[in-house]
Amino acid sequence: MLRLHFAAGDLARTRVADGPDPLWESVLSLHRLRDTRRDSVLSGWREGVQRDGTEPLRRLLPLVPVRGYFPDFLTPAAGTAGFEEGLEAVLATPRTRLRAEIGMLAQSHSLTGWASSVGEGSARTLDRLGAALRDYRNLALDSWWPRIVSQVDADRMWRCRTQLLHGTEELLRTFEPAIRWRPPVLEADYPVELETRLEGRGLLLIPSYFCRRTPVALADPGLPPVLVYPARMPESPAAVSPVKLARLLGHTRAAVLQSLHGGCSTSELAHRAGVSVSSASEHAAVLRDAGLISSNRRSNTVRHALTFMGMALLGDRTSGVVRRPVGAAQPAALCRPSMLDAVTGPVSR
């Protein structure tokens, strides 16, 4: 059982995070990679990451076991400000803390030589850890980030509105039955017994796309208290049929919208929809103005993805796969989940 004990002032200092935390999403998505339960939403994503993420997974999976403890330093408070800020905090973790938390991990899991070396905190090891986190983020989260933001924002707007109109205690009741408010204690079923006394520090509630079924808290009660919980996707209306969608948007624009599974660049969108790049760009601009897609620039590439409104229009919660760029060489075979054991083997140091 997890129990968070509130004291005077804690309700007033409890709030919902401003958006998804990229470090928490990275760590929790590593859990989802090895989740044996069927999840149609993540099946395509999982296959793509397993296929293309051998190197970062080789370094990260030993630090994040399927069950139980993983080091708190991987999810620093600075992550709420963005990935780079969070990564900088991870790499600045004092050696004494690295040694202590890797030591705790070793108590319950057999560690590879690489995982043990992280506890030593050498500059070379931390550089490799940083590179693995950045590579994994680029591979596993970048194309899904608009979808993650959309779902998290839908959840947090509902929670924040409840808190604004009815107060923090009513906000805490919105998490039932998975998380239960029994004043002055917030409790949830948990793999271990964990008691945290807030003692006036308040609580940061972090909605997460990759957190599923049960919440997650930091193991060290001395760190700023956070509770990561599954972001709830509001009920969406029935999908508009392809015929009606084409009548509403026009055949070409409907095809462009339906091609935006998992996010893609403008040139890839043109390839999928069978139109020119200029035409894809024009249709994307109209769809973006209507709030059906989002567009984000990275370096010289603009990537497009469905917003929650766009997903609702298509009735689409299950699309979204990690794809190779158009024209890239395809692997001979997909990496099956059973091959993850090989991925977690020893690495060169």
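1. Section: helix α10 (residues 242–249)
Of all the residues in α10, the buried ones are L245, A246 and L249. Each buried residue of α10 sits inside an arc of 100 degrees when the element is viewed along its axis, so together they form one side. More than 90 degrees from the buried face of α10, the exposed residues found are V243, K244, R247 and L248.

2. Observations regarding unusual backbone geometry
The omega torsion of the bond from E176 to P177 falls at 5 degrees, within 30 degrees of zero and hence cis. Residue position: P177 is located in the loop between α9 (168–173) and β3 (179–182). Cis geometry is found at the peptide bond from P183 to P184, where omega equals 5 degrees. With respect to the helices and strands, the residue P184 is situated in the loop between β3 and β4 (185–188). A positive phi is found at E199, a non-glycine position, where the angle reads about 50 degrees. By secondary structure assignment, the location of E199 is in the loop between β5 (194–197) and β6 (204–208). Residue class for E199 comes out exposed when judged on its relative accessible area of 61%. Located in the positive-phi region is R213, a residue other than glycine, with phi close to 70 degrees. If you trace the backbone, R213 turns up in the loop between β6 and β7 (216–217).

3. Re the sheet that holds strand β2 (residues 15–16)
A sheet is described by the order of its strands in space; here four strands give the open sequence β2-β6-β8-β7, paired in mixed fashion. The open sheet has two edge strands, β2 and β7, and neither has a second partner. The sheet strands contacting helix α1 (residues 22–33) are β6, β7 and β8 (226–230), and the helix crosses β6 at an angle near 55 degrees.

4. A short note on the packing of aromatic side chains
Enumeration according to the criterion identifies six aromatic pairs in this entry. Here the aromatic rings of W45 and F210 are separated by 5.0 Å at their centres, their planes lie at 40 degrees, and the arrangement is tilted. Of this pair, W45 sits in helix α2 (residues 43–52) while F210 sits in the loop between β6 and β7, placing them 165 residues apart in sequence. Just as W45 is buried, F210 falls in that class too. Pairing W144 with Y209 gives two aromatic rings, centres 5.8 Å apart and planes at 70 degrees, and the pair type is edge-to-face. Placement of the pair is W144 in the loop between α7 (123–141) and α8 (145–166) and Y209 in the loop between β6 and β7, with a sequence separation of 65 residues. Among the aromatic side chains, those forming a connected cluster through ring pairs are W45, W144, Y209 and F210. Positioned over the ring face of Y209 is R212, at 5.4 Å from the centre of the ring.

5. So, the pairing of strand β1 (residues 2–5)
Here β1 runs beside β4; their pairing, made up of four bridges, is antiparallel. Residue R3 lies in a different strand from β4, and its bridge partner there is E187. Summarising the sheet, β1 and β5 pair through four bridges and their orientation is parallel. Of the residues in β5, the one forming a bridge with L4 is T196.

6. Remarks on the packing of α2 against α7
Contact geometry for α2 and α7: axes closest at 9 Å, N-to-C directions at 145 degrees. When the axes of α2 and α7 are compared, the crossing they make is right-handed. Contacts between α2 and α7 involve W45, V49 and D52 on the former and, on the latter, Y136, L139 and A140. Here the residues of the contact of α2 with α7 sort into five nonpolar, no polar and one charged.

7. Observations regarding the side chain of D155
With respect to the helices, strands and loops of the structure, D155 is situated in helix α8. On the basis of relative accessibility, which here comes to 0%, the residue D155 falls in the buried class. Of note is the side chain of D155, whose polar atom sits 2.5 Å from the side chain of Y229. One polar contact links the side chain of D155 to the main-chain amide nitrogen of R232, over a distance of 2.8 Å. Not counting residues within four places of it along the chain, the set of residues in contact with D155 comprises P207, Y229, P230, A231 and R232.

Rules of the game
- Residues numbered from 1 in each chain as written.
- Predicted model: local features only at pLDDT ≥ 70, side-chain atom pairs only at ≥ 80, totals over all residues.
- Heavy atoms only, no water.
- Buried < 20%, exposed > 50% of the residue type's maximum accessible area, 1.4 Å probe, protein only.
- Helix = DSSP H or I, 4+ residues; strand = E, 2+ residues; numbered from the N terminus.
- Arc of directions from axis to C-beta.
- Pairing = 2+ DSSP bridges.
- Contact = heavy atoms within 4.5 Å.
- Axes fitted to C-alpha atoms, helices over the stretch in contact; angles between N-to-C directions.
- Phe/Tyr/Trp six-rings, centres within 6.5 Å; stacked < 30°, edge-to-face > 60°.
- Lys NZ or Arg CZ within 6 Å of the ring centre and 35° of its normal.
- Left-handed = near helix turned anticlockwise from the far one by under 90°.
- Nonpolar A, V, L, I, M, F, W, Y, C, P; charged D, E, K, R; others polar.
- Polar contact = N/O pair within 3.5 Å; in protein donor to acceptor, adjacent residues only side chain to side chain.

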